[in-house]
Amino acid sequence: ENPGREVHFWKVDFTTGANKSISFEGFIFPGEANFNGAKFWTANFEGTVFKGGTLFQRAAFETRATFIDAIFEQRASFITASFEDATVFLRATFKDVAEFTGITFNGIVSFSGSRFRIVPDLRATDFKKHVTLHGIEVNFRRPAQYGDADMYRRLKELAVNARDHDREQMFF
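Our next topic: the pattern of salt bridges. Within the structure shown, the criterion is met by eight salt bridges. Between glutamate 73 and lysine 51 there is a salt bridge, with its nearest N and O atoms 4.0 Å apart. Of this pair, glutamate 73 sits in the loop between strand S11 (71–72) and strand S12 (76–77) while lysine 51 sits in the loop between strand S7 (49–50) and strand S8 (54–55), and the two are 22 residues apart along the sequence. Residues aspartate 121 and arginine 123 are paired through a salt bridge, measuring 2.8 Å at the closest nitrogen-oxygen approach. Aspartate 121 sits in the buried class, given a relative accessible area of 10%.

Okay, here's the thing in structure tokens:
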């Protein structure tokens, strides 16, 4: 084990050859995991633990992306990533900032049962199909920080559009 060891997959193409079938299922990243600009055919991060910051900025997911039971212990940034197919964050745990700003989700998206220590930032995110927020938990930060209200309004908007009345009431 290498505590705190950083791993960089910056702009790696996981869509061809042996890389096409790679799976990170159950893997533990001990430090920062940088996938900025990476391209994925199938992304399997089921049960993966990210102990350091996690960067998927400008990453491209061409088919299903799975983060079932994934744990993000520090900042998780998916800013301006693109997801072409179903994206599943079922029961994922975000213990720090979760940034999904500027993402395009072209397939269905599920955050069912996910837990967020801080309100996730889904502003300027484009959902082309259904998004599920059923059973998510969001801790209310005290004291509130600049931008929190806007992030809660975005969550409420998504809940209203999904006809998730329980979540709609939770987010103001």
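Moving on, we get to helix H1 (residues 148–161). Count 3.6 residues to each turn of an α-helix, and residues three or four apart come out pointing the same way. In this model H1 runs 20 Å from its N-terminal to its C-terminal C-alpha over 14 residues, within 8% of the 20 Å that 1.5 Å per residue would give. When we look at burial in H1, the residues that qualify are Asp148, Met151, Tyr152, Arg154, Leu155, Leu158 and Ala159. Projected onto a plane normal to the axis of H1, the buried residues spread over an arc of 155° and lie on a single side. Where H1 is buried, its residues contact strand S20 (126–127), strand S21 (131–132), strand S22 (137–138) and helix H2 (165–170).

Before going further, it helps to spend a moment on the sheet that holds strand S13 (residues 82–83). An order of S2-S5-S9-S13-S17-S20 is seen for the six strands of this open sheet, with the pairing classed as parallel. Each edge of the sheet is formed by a strand with only one pairing partner; in this case those strands are strand S2 (13–14) and S20. When strand S9 (residues 60–61) meets S13, the two strands line up parallel, connected through two bridges. Note that in S13 the partner of phenylalanine 61 across the bridge is phenylalanine 83.

To continue, consider the sheet that holds strand S14 (residues 87–88). Strand order across the open sheet formed by five strands is S6-S10-S14-S18-S21, with parallel pairing between neighbours. Each edge of the sheet is formed by a strand with only one pairing partner; in this case those strands are strand S6 (43–44) and S21. Strand direction decides the pairing type here: strand S18 (residues 109–110) and S21, joined by two bridges, are parallel. In the strand pairing of S21, valine 109 is matched with valine 131.

We now examine the packing of aromatic side chains. For the structure shown, the criterion picks out 45 aromatic pairs. Aromatic side chains phenylalanine 35 and phenylalanine 40 sit 5.8 Å apart centroid to centroid with 45° between the ring planes, which places their arrangement in the tilted category. Given the relative accessible area of 0%, phenylalanine 35 is considered buried. Lysine 20 extends its terminal NZ or CZ atom over the ring of tryptophan 41, reaching a point 4.4 Å from the ring centre.

Conventions and cut-offs
Residues numbered from 1 in each chain as written. Predicted model: local features only at pLDDT ≥ 70, side-chain atom pairs only at ≥ 80, totals over all residues. Heavy atoms only, no water. Salt bridge = Lys/Arg side-chain N within 4 Å of Asp/Glu carboxyl O. Helix = DSSP H or I, 4+ residues; strand = E, 2+ residues; numbered from the N terminus. Buried < 20%, exposed > 50% of the residue type's maximum accessible area, 1.4 Å probe, protein only. Expected span 1.5 Å × (residues − 1). Arc of directions from axis to C-beta. Contact = heavy atoms within 4.5 Å. Pairing = 2+ DSSP bridges. Phe/Tyr/Trp six-rings, centres within 6.5 Å; stacked < 30°, edge-to-face > 60°. Lys NZ or Arg CZ within 6 Å of the ring centre and 35° of its normal.

These results come straight from atomic positions and should not be treated as a statement about function.
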